[in-house]
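A structural walkthrough
Single-letter residue listing:
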Amino acid sequence: MPELPEVETLRRGLLPVIEGRVIEAARVNRPDLRWPFPPDMAGRLAGARVVRLGRRSKYLLAELSTGETLIVHLGMSGRILVSGDPLGRFVHAHPAPEKHDHVVLDIAGGARITFNDARRFGAMDLIATERAEAHWLLRDLGPEPLGNGFSEAYLVARLRGRQSPVKAALLDQRVVAGLGNIYVCEALHRAGISPRRKAGRIAASRLARLVPVIREVLSEAIEAGGSSLRDYRHTDGELGYFQHNFRVYGREDAPCTAPGCGGRIVRIVQSGRSTFYCPQCQR
Ligand SMILES: [Zn+2]
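To keep things clear, this report deals only with the structure shown in the data block.

Details of the packing of aromatic side chains
One pass over the full model with this rule turns up 5 aromatic pairs. Taking 4.9 Å as the distance between ring centres and 80 degrees as the angle between the ring planes, the aromatic pair formed by tryptophan 35 and tryptophan 136 counts as edge-to-face. Taken as a pair, tryptophan 35 in the loop between strand 1 (23-28) and helix 2 (41-45) and tryptophan 136 in the loop between strand 8 (123-128) and helix 3 (152-159) lie far apart in primary sequence, 101 residues in all. When the centroid spacing of 5.9 Å and the interplanar angle of 75 degrees are considered together, the rings of tyrosine 183 and phenylalanine 246 count as edge-to-face.

A word on helix 1 (residues 4-18)
Along its 15 residues, helix 1 runs 20 Å from first to last C-alpha, staying within 8% of the 21 Å computed at 1.5 Å per residue. Taking burial as the measure, the 15 residues of helix 1 include 12 buried ones, the bulk of the element. Within helix 1 the residues assigned to the buried category are Leu4, Pro5, Glu6, Val7, Glu8, Thr9, Leu10, Arg11, Gly13, Leu14, Val17 and Ile18. After helix 1 finishes, the residue glycine 20 shows a positive phi value of roughly 85 degrees.

Considering the coordination of the zinc ion
Protein coordination at the zinc ion: the donors are Cys256 (SG), Cys261 (SG), Cys278 (SG) and Cys281 (SG), at 2.3 Å from the metal. Viewed at the metal, the 4 donor atoms of the zinc ion are separated by angles of 101 to 113 degrees, and the geometry they form is tetrahedral. Here the donor residues of the zinc ion share one chain and are spaced in sequence as C-x4-C-x16-C-x2-C. Across the pair, cysteine 261 and cysteine 256 agree in class, each one buried.

How each quantity is defined
Every chain begins its residue count from 1, and numbering advances along the sequence as written. The model is predicted, so local features are restricted to residues of pLDDT at least 70 and side-chain atom pairs to those at 80 or more, both for listing and for counting; the totals for chains, interfaces and linings are taken over all residues. Side-chain calculation: all heavy atoms of the structure are included, whereas hydrogens and water are not. Pairing of aromatic side chains requires ring centres within 6.5 Å, counting the rings of Phe and Tyr and the six-membered ring of Trp. Pairs whose planes differ by under 30 degrees are stacked, by over 60 edge-to-face, and all others tilted. Put simply, DSSP H or I for four residues or longer makes a helix, DSSP E for two residues or longer makes a strand, and each gets a number counted from the N terminus. Each residue after the first adds 1.5 Å to the expected span of a helix. Throughout, exposure labels follow a simple rule: accessible area from a 1.4 Å probe, protein chains only, divided by the maximum for the residue type, with under 20% read as buried, over 50% as exposed, and the rest as partly exposed. Metal coordination here is assigned from N, O and S atoms located within 2.8 Å of the ion, or within 3.2 Å for Na, K and Ca; omission of water means that sites may look incomplete. Irregular is the default label, applied whenever a site is not tetrahedral (four donors, all angles between 85 and 135 degrees) and neither square planar nor octahedral (four or six donors, opposite donors over 155 degrees apart, all other angles between 65 and 115).

Encoded structure:
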């Protein structure tokens, strides 16, 4: 499942292909993904220029010249492929259509953007741009973890009195937007905080430390995604996924990398999801 850094990498990869360009034609091959597409989505996209490609949490927001914004979410298995980019950054030939190619956008100049989603947990919707923040998928989201609204004072105040484990609190999208399982595990390890500790029972000074650490793990991952972007011309044009090294995630039984720790990473299950952490240095 793509997390915030993957979606940001995807956005940056798409920028030169679609920002400022006109969607010449749109093909919508089924009525829905996770939810029904908006009425006449293909007709409303065709002829529109993409004025700006932004991101909110794990949603891509393509602001159109028609006054509407296209909201795109990849869900569990959504993939975006670029082909035929006239500048040669991506493979030139359009691949043969595949079974789960649900939405295809032909961009003026020759590029094609294909949205493929085998499991159909993804979503797309159109909304008037001035009301985009009030869209039901976006309106309850907390501040962006890399934005100014996510401050130490904010996090300490927001988690005060919370009885849930700190890991669950950080996964709550109303607290902070776009954080997923992997990067929460990584951030808690760097902050030396046990994922099992109740959020409201952690000293403010330790909790505050999570803010710079969350920014750090996300920024490093976005940077890794940026390096992967430079290799895209050699790949099949799929955007957004890249290799990244984690310190705890997926490293059960491996030695902890914290200096002088000597502990081993364990895996536990919290709220039905794997948590990786070091019981030695995360308290
Ligand atoms: Zn450790």
